[in-house]
Amino acid sequence: MRLSCPFFLLVLHEAIRNHLAFRQSFYSSYVIDPESEDAAANQRDEDLGMLNKIHLQSVDVLLYNCRSQMNMIKVRSSPSK
C-alpha cells in the first residue's frame, strides 16, 4: 500500500497540472461584468494564484514522498546479517 502512494500522488499532480493549464488557457475568457470588472479580475488572479500554489505544493509533496520511499526500499533491500 505504501509503495503505491507515489503513483497516486503522480496522478493527483497530473490532474492539478491539467486543471491549471486549462484555467491558464481560458484566462481571457472569464465573464466580467463591466460594473465589477476589478473584482472579477482580482478573483480570476486569485484563482490562478491558488492553483499555481497547489501545483507547486503537489510537486514538493511528490518529491518528498518519493525520497522517503527510497529510504524504505534501501532498508528493505539491504542484506540481512
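Predicted, not measured: the structure shown is a model, and the values here were computed from it.

### As for the pattern of salt bridges
Thinking step 1. In total, this model carries 1 salt bridge according to the counting rule given.
Thinking step 2. With its nearest N and O atoms 2.6 Å apart, the salt bridge here joins E14 to R17. Here E14 pairs with R17, and both are found in helix α1 (residues 5–25), just 3 residues apart, close to one helical turn.
Thinking step 3. Judged by its relative accessible area of 31%, E14 is partly exposed.
Thinking step 4. Residue R17 is classed as partly exposed on the basis of its relative accessible area, which comes to 38%.

### A word on the environment of Q24
Thinking step 1. Its place among the elements puts Q24 in helix α1.
Thinking step 2. Among the residues examined, Q24 registers a relative accessible area of 46% and is labelled partly exposed.
Thinking step 3. Spatially, the C-alpha atom of Q24 lies 9.9 Å from that of N52, the residues being 28 residues apart in sequence.

About the thresholds
Residues numbered from 1 in each chain as written. Predicted model: local features only at pLDDT ≥ 70, side-chain atom pairs only at ≥ 80, totals over all residues. Heavy atoms only, no water. Salt bridge = Lys/Arg side-chain N within 4 Å of Asp/Glu carboxyl O. Helix = DSSP H or I, 4+ residues; strand = E, 2+ residues; numbered from the N terminus. Buried < 20%, exposed > 50% of the residue type's maximum accessible area, 1.4 Å probe, protein only.

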